[in-house]
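Examination of the molecular architecture
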Amino acid sequence: MGCSVGCRTRLNFGKALSKVSVCFTMVVIFTYFFYCLTGLCDSAPRQMFDHHTVNRDYDISDRTYDNLRPSARLYPHQPGAPTPWNRTDTSTGAALHLADEQVAKLQWVEGGLLPQEIPESTKENLAANGIPVSNTFESKKFPQAIIIGVKKGGTRALLEFLRIHPDVRAVGAEPHFFDRFYEKGLEWYRNLMPRTLEGQITMEKTPSYFVTKEAPRRLCTMNCHTKLIVVVRDPVTRAISDYTQTLSKQPGLPSFQSLALKNTSTGLVDTSWSAVRIGLYAKHLENWLQHFPLSHFLFVSGERLVSDPAGEMGRVQDFLGLKRVVSDKHFYFNQTKGFPCLKKPEGSSRPRCLGKSKGRPHPQISPEVLQRLRDFYRPFNLRFSRMTGQDFGWD
């Protein structure tokens, strides 16, 4: 009996010891695999730059920065996070270092660092160590050229024609930064711009800039070398077109004659009405010439943009320093609308014409009122022609 009890005790103890040994072995094996997997991940090459998380709002001009930028996962968006911008090129053994003032130009963006500007000294340093320097990234830039006027002169047509060119990127909507939203700041304005590659031109159009007193000074504050395009049209026809557009939105608008003339008996023209005032091109140009030289302007004929769009577009492309890509082959004349449209682009089912708001039929205006307006504008037109050195053929 005693032996039987002792044997059972030893047997139970052996089973318990066996279970403990199995558990311990499993823990050891699990730990071993865990550390093996961790070591494998650590030894694998890490991608130092995630192309899918690039904020394209910033100008990145060197592919080298792809390698220098630490992953956003390693350095989260927090003040005081480390910036390991020291690196040794394995092929040459040369140490690459970004100075403190260069690092200061970097900015936290969406959880990671992105360079806003690459100093020339850094480019030279990288190139000297055999690291290629190229700009393959899009970025948002301030416009190098702006269509500043005039309303109902053909600015929308010009912008759409320019968009055919592969080296032109333009904002669709009118930003109205220099006349309405200047207090929002230049960064707000820049962020409205489309992304462009090196060699492409950023453009925008806001026709009211030409008649806004503060616009030339404000624009020059941004860049006094900006190229300025003004599309002008016979001021009498332009005023009627302006009135027609307003009438479509406000059917109860008074007659054109009552708005254009202060007194129908004297025939005195009311220059306080914006539709009349916009046509005083010479006075508006004088304001702009206080801040920009005449060589920075191109004056496009709204009439010739209709009768000879390819010819006017040739002048525009030359002014912008672009290859003449937009030509006769891109246009056809739409008899219904009365102005040229773009032929069917590749991949499109139909040609591209401006919206139905363009080409509206004008109301009938009495010949007496038209003659009074032509007499009123004649001296201003003559002065504008002398200032620009162009004959626009207006009576």
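Residues numbered from 1 in each chain as written. Predicted model: local features only at pLDDT ≥ 70, side-chain atom pairs only at ≥ 80, totals over all residues. Heavy atoms only, no water.

An unreviewed UniProt entry lists the protein chain under the name Sulfotransferase, from Oncorhynchus tshawytscha. UniProt, in the comment section headed Sequence similarities (unreviewed entry), describes the protein chain in these words: "Belongs to the sulfotransferase 1 family." (UniProt positions renumbered as here; feature names shortened; annotations may be inferred.)

Under the feature "binding site: 3'-phosphoadenylyl sulfate" (unreviewed entry), the UniProt entry names Lys152, Gly153, Gly154, Thr155, Arg156, Arg233, Ser241, Lys358, Gly359, Arg360, Pro361 and His362. Along the chain, Gly154 falls in the loop between strand 6 (145-149) and helix 5 (155-162). Setting aside residues up to four positions removed in sequence, Gly154 forms contacts with Val231 and Leu305. (Helix = DSSP H or I, 4+ residues; strand = E, 2+ residues; numbered from the N terminus. Contact = heavy atoms within 4.5 Å.)

As a further point, take the pairing of strand 10 (residues 227-232). Consecutive side chains of a regular strand alternate in pointing toward one face of the sheet and then the other. Strand 10 sits mainly inside the fold: five of its six residues count as buried. Note: strand 6 against strand 10, four bridges, orientation parallel. Residue pairing across strands places Ala145 opposite Lys227, the latter belonging to strand 10. Across five bridges, strand 10 lies against strand 13 (residues 297-301) in parallel orientation. The residue of strand 13 that forms the bridge with Val231 is Val300. (Buried < 20%, exposed > 50% of the residue type's maximum accessible area, 1.4 Å probe, protein only. Pairing = 2+ DSSP bridges.)

Using the criterion set out here, one finds two disulfides in the structure. Through a disulfide, Cys220 is tied to Cys224; the S-S separation comes to 1.6 Å. Here the S-S torsion is close to 85°, and the disulfide linking Cys220 with Cys224 is therefore right-handed. Residue class for Cys220 comes out buried when judged on its relative accessible area of 16%. Taking the relative accessible area as the measure of exposure, Cys224 reaches 29% and is therefore partly exposed. Disulfide pairing is shown between Cys341 and Cys353; the S-S distance is 1.7 Å. Across the S-S bond linking Cys341 and Cys353, the dihedral sits near 105°, which makes this disulfide right-handed. Taken together, the residues Cys341 in strand 15 (residues 339-342) and Cys353 in the loop between strand 15 and helix 14 (367-388) connect sequence positions 12 residues apart. (Disulfide = S-S within 2.5 Å.)

The next subject is the sheet that holds strand 7 (residues 168-170). With parallel pairing, five strands are arranged side by side in an open sheet as 7-9-6-10-13. Edge positions in the open sheet fall to strand 7 and strand 13, since each of these has one partner strand only. Neighbour-to-neighbour, the strand axes of the sheet open up by a mean angle of 25°, direction not taken into account. This element, helix 5, spans strand 6, strand 7, strand 9 (201-205), strand 10 and strand 13 of the sheet and lies at about 160° to strand 6. (Axes fitted to C-alpha atoms, helices over the stretch in contact; angles between N-to-C directions.)

For the rest of this paragraph, the subject is the side chain of Asp242. For Asp242, the location among the structural elements is in helix 8 (residues 235-249). In this structure, Asp242 is in contact with Lys151, Lys152, Ala275 and Ile278, ignoring residues within four places of it in sequence.

One pass over the structure, following the stated rule, counts 24 aromatic pairs. Seen in terms of ring centroids, Tyr281 and Phe384 are 5.5 Å apart; in terms of plane orientation they differ by 55°. Their pairing is tilted. Placement of the pair is Tyr281 in helix 11 (residues 281-288) and Phe384 in helix 14, with a sequence separation of 103 residues. On the numbers, 5.5 Å between centres and 20° between planes, the contact of Phe384 with Phe392 is stacked. One exposure class covers both Phe384 and Phe392, and it is buried. Put simply, the rings of Phe142, Phe177, Phe178, Phe181, Tyr182, Trp188, Tyr189 and Tyr209 pair up and form one aromatic cluster. Directly above the ring of Phe319 sits Lys227, whose terminal nitrogen or CZ lies 5.5 Å from the centroid. (Phe/Tyr/Trp six-rings, centres within 6.5 Å; stacked < 30°, edge-to-face > 60°. Lys NZ or Arg CZ within 6 Å of the ring centre and 35° of its normal.)

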